[in-house]
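# Analysis of the macromolecular model
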Amino acid sequence: MAGRVLVVDDVTTNRVLMAELLERKYYDVEEARNAREALQKARANPPDIAIVDVMMPGMNGYDLCREMKRDPLLADVPIVICTTLDTRDERRAGIEAGADDFLTKPVRPVSLFARIRSLLRMKAMTDELRLRDETLRDLAMEGFSPSALEPPPGAHIVGLTSAAGAGPLKDMLEARLDVRVEIVCEPRDTFRLLEASAPEAVLVDALGFPGFSSDFCSAVRQQSGGRHAALLTIVDVDDAATAAACLDAGANDYVMAPVDPSELAARLRTQLRYKAYADFLRESVRDGLKQAVTDPLTGLRNRRYLDAHLPRLVSRAREHRQALAVLAFDLDRFKAVNDTFGHAAGDAVLREFARRLTDNIRTVDLAARLGGEEFVVALPDATLETARIAGERVRAAVEAPGFAHEGRPIPVTVSVGVAGLHGPEDDATAMLARADAALYQAKQTGRNRVILEAA
Ligand SMILES: [Mg+2]
């Protein structure tokens with residue numbers, strides 16, 4: 001199914017026409033005759049998008065919109081307001097009520113579907129990011145949504161327009177929003193600025209460029225500095241086709257010319273908010289996941305990651321009929337380092353050991369600190385002998401050059417146990433246990449040596 005759409009209109013004919021239009025494009029449609037019914041149905045089963053009529057008896061479309069944006073369960077549902085009243089005040093009222101978009105009846109299918117696709121794309125992105133992190137899911141339940149975020153002050157906006165339009169556009173935006181506008185008059189210059197500064201938003205006045213096409217929007221999206229920017233176009237009121245093509249090419253919104261400054265400002269503010277929200281989600285997911293799997297002292301993976309990942313390496317090795325080996329490391333007499341030189345010195349030794357360790361293994365190898373002075377490296381596609389050589393290389397790199405902290409030399413050596421993956425009964429836990437037993441042997445037989453698992 002393309003997506004679930006809730007259509008809210010008090011006039012039966014309007015609902016039926018809209019439903020038919022949507023169903024032809026394989027959207028799953030639910031109808032509501034008024035705002036109350038809409039809230040009921042949306043709460044029972046939140047839609048992917050809502051198309052809401054303004055003039056309805058009882059609660060009107062704007063109030064429904066506000067109500068939905070206040071409800072944590074529904075705050076993320078994009079809302080398109082639909083009305084016959086095509087005035088600037090109406091459009092502004094819709095956007096201020098939190099509507100994500102505004103269409104005029106009779107609705108042109110090309111605009112309708114382009115809007116829906118663009119809004120669903122954004123919703124899919126935020127949904128996906130949120131699903132990946134429990135904290136974010138909790139935040140969403142506490143009502144954290146784009147409308148709760150103010151766009152960052154002094155947001156950097158790149159405006160592409162004709163030489164004649166440059167001054168007016170800059171003044172128009174800076175008078176209404178807390179933004180810093182940089183104007184360019186050549187499409188190519190936009191890319192230079194994107195490269196240099198990754199602006200919060202890009203606003204393109206298509207009217208200034210005869211022959212302008214949606215390819216420009218695709219190009220902005222392909223550039224790293226433009227991938228996550230809010231992208232808006234200004235198109236001629238008669239050129240719905242270009243507007244729709246731009247949305248499909250990755251633009252977030254458009255404004256029809258002649259431009260109503262307040263509408264442009266309101267739409268830009270909405271998009272800046274969405275961008276701030278998406279940035280927040282992306283950062284949280286990235287940092288949240290990173291923290292969860294990283295040892296903060298050394299930057300290596302932690303035990304939790306190793307426990308989750310080693311079984312996967314085992315299955316992969318079986319699947320591809322490849323070898324797999326593990327090395328278990330333990331710094332010799334590390335307690336004495338802490339006792340004699342202090343914990344700061346001990347931490348410095350652990351960090352330096354981690355550095356030498358990663359310098360002496362391959363990038364495909366997985367290095368983890370289990371805690372204290374214990375480390376494990378998993379070596380995909382490595383035989384016992386290859387692993388022994390790698391272990392020996394690390395042991396030698398630890399032995400010399402020596403370690404020092406604040407000018408005082410510290411004696412550091414490491415013992416190493418090696419184990420490989422064997423028959424079909426073998427698994428990650430058993431392999432680690434054998435590497436540990438070999439490590440124990442290394443300790444027993446004088447330390448600072450590499451010992452293979454018992455044959
Ligand atoms: Mg109505």
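Residues numbered from 1 in each chain as written. Predicted model: local features only at pLDDT ≥ 70, side-chain atom pairs only at ≥ 80, totals over all residues. Heavy atoms only, no water.

Below, the discussion takes up the coordination of the magnesium ion. The magnesium ion binds to the protein through Asp10 (OD), Asp53 (OD) and Met55 (O); the donor distances cover 2.0 to 2.3 Å. A relative accessible area of 5% places Asp53 in the buried class. (Donors = N, O, S within 2.8 Å, 3.2 Å for Na, K, Ca; no water. Buried < 20%, exposed > 50% of the residue type's maximum accessible area, 1.4 Å probe, protein only.)

If you walk through the whole model with that rule in mind, you get 2 cavities of 30 Å³ or more. Here the second largest cavity defines a volume of roughly 30 Å³. If you trace the second largest cavity, you find it lined by Ile95, Ala99, Asp100, Asp253, Arg267, Thr270 and Gln271. When residues in the lining of the second largest cavity are grouped by element, the largest group, 3 residues, is from helix H11 (residues 261–293). (1 Å grid on protein atoms, 1.4 Å probe; cavity = no way out; pocket = protein on both sides within 12 Å on 5 of 7 lines; lining within 4 Å. Points joined across faces, edges and corners; volume = space filled by probe spheres on them. Helix = DSSP H or I, 4+ residues; strand = E, 2+ residues; numbered from the N terminus.)

Strand order in the open sheet formed by 6 strands is E11-E13-E14-E12-E17-E18, with mixed pairing between adjacent strands. The outermost strands of the open sheet, each flanked by one partner alone, are strand E11 (301–302) and strand E18 (450–452). In terms of strand pairing, strand E12 (residues 324–331) meets strand E14 (residues 374–380) through 7 bridges, oriented antiparallel. Bridge assignment links Leu324 to a residue of E14, and that residue is Pro380. On top of the sheet, helix H15 (residues 384–399) reaches E12, E14, strand E17 (414–420) and E18; it is set at about 170° to E17, its chief contact. (Pairing = 2+ DSSP bridges. Contact = heavy atoms within 4.5 Å. Axes fitted to C-alpha atoms, helices over the stretch in contact; angles between N-to-C directions.)

The subject of this paragraph is the pairing of strand E7 (residues 179–184). Both faces of the sheet carry side chains from a regular strand, because those side chains alternate between them. Bridge count between strand E6 (residues 155–160) and E7: 6 bridges; the pairing is parallel. Bridge pairing in E7 links Ala155 to Val179. Crossover handedness for the path E6 to helix H7 (residues 163–176) to E7: right-handed. (Right-handed = clockwise from strand over helix to strand, strands pointing away.)

The omega torsion across Lys105 and Pro106 is -5°, close enough to zero to call that bond cis. Here Pro106 shows up in the loop between strand E5 (101–104) and helix H5 (109–131). The omega torsion across Ala400 and Pro401 is 0°, close enough to zero to call that bond cis. With respect to the secondary-structure elements, Pro401 resides in the loop between H15 and strand E15 (403–405). The backbone of Arg333 shows a phi angle near 45°, a positive value even though the residue is not glycine. Among the residues examined, Arg333 registers a relative accessible area of 58% and is labelled exposed. Phi angles above zero are rare outside glycine, and Arg447 is one such case at about 65°.

What the rule picks out here adds up to 5 aromatic pairs. Here the aromatic rings of Phe191 and Phe216 are separated by 5.4 Å at their centres, their planes lie at 50°, and the arrangement is tilted. A residue pair is termed long-range when its members are at least 10 positions apart, and Phe191 in helix H8 (residues 187–197) and Phe216 in helix H9 (residues 215–222) qualify at 25 residues. Residues Phe212 and Phe216 carry aromatic rings whose centres are separated by 5.9 Å and whose planes lie at 50° to one another, so their mutual orientation is tilted. Among the aromatic residues, ring-to-ring pairing joins Phe191, Phe212 and Phe216 into one connected group. Note that Arg301 overlies the ring of Tyr305, its terminal NZ or CZ placed 4.5 Å from the centroid. Between Arg356 and the ring centre of Phe403, over which it is positioned, the NZ or CZ distance is 4.0 Å. (Phe/Tyr/Trp six-rings, centres within 6.5 Å; stacked < 30°, edge-to-face > 60°. Lys NZ or Arg CZ within 6 Å of the ring centre and 35° of its normal.)

Here we come to the sheet that holds strand E3 (residues 49–53). What links the strands of a sheet is backbone hydrogen bonding, and the strands pair in either a parallel or an antiparallel sense. Ordered in space as E2-E1-E3-E4-E5, the 5 strands form an open sheet in which the pairing is parallel. Each edge of the sheet is formed by a strand with only one pairing partner; in this case those strands are strand E2 (28–32) and E5. If you compare each strand with its neighbour and ignore which way they point, the axes differ by 20° on average. Pairing geometry for strand E4 (residues 79–83) and E5, over 4 bridges, is parallel.

Here we come to the environment of Phe191. Among the residues examined, Phe191 registers a relative accessible area of 21% and is labelled partly exposed. Along the primary structure Phe191 and Val220 are separated by 29 residues, whereas in three dimensions their C-alpha atoms are 7.2 Å apart.

All right, on to H15 then. Each turn of an α-helix holds 3.6 residues, which means side chains three or four residues apart point in the same direction. Taking 1.5 Å per residue, 16 residues should reach 22 Å; H15 reaches 22 Å between its end C-alpha atoms and fits that length. For H15, the full list of buried residues reads Ala387, Ala390, Gly391, Val394, Arg395, Ala397 and Val398. On an axial view of H15, the arc spanned by its buried residues comes to 165°, and they lie on one face. In this structure, the buried residues of H15 make contact with E12, helix H14 (343–359), E14, E15, E17 and E18. (Expected span 1.5 Å × (residues − 1). Arc of directions from axis to C-beta.)

Under the domain assignment used here, the protein contains domain 1 (1–122), domain 2 (149–285) and domain 3 (301–452). Just the C-alpha atoms count here: the centres of domain 1 and domain 3 sit 59 Å apart. (Domains from an automatic or database assignment.)

Once that is clear, we can look at the nonpolar core. By size, the foremost hydrophobic cluster in this structure holds 31 residues, and its most contacted members are Leu327, Phe329, Leu331, Val349, Phe353, Leu357 and Val377. Within the residue set of this core, elements represented by two or more residues are E12, helix H13 (334–341), H14, E14, H15 and E17. It is H14 that provides the largest number of residues to this core, a total of 6 residues. If we ignore the near neighbours within four places in the chain, the residues touching Val377 are Ala325, Val326, Leu327, Phe329, Leu357, Ile361, Asp365, Leu366 and Ala367. Leu193, Phe209, Ala243 and Leu247 belong to the second-largest nonpolar core, a separate cluster that totals 25 residues. (Core = buried A, V, L, I, M, F, W, Y, C linked by side-chain atoms within 4.5 Å.)

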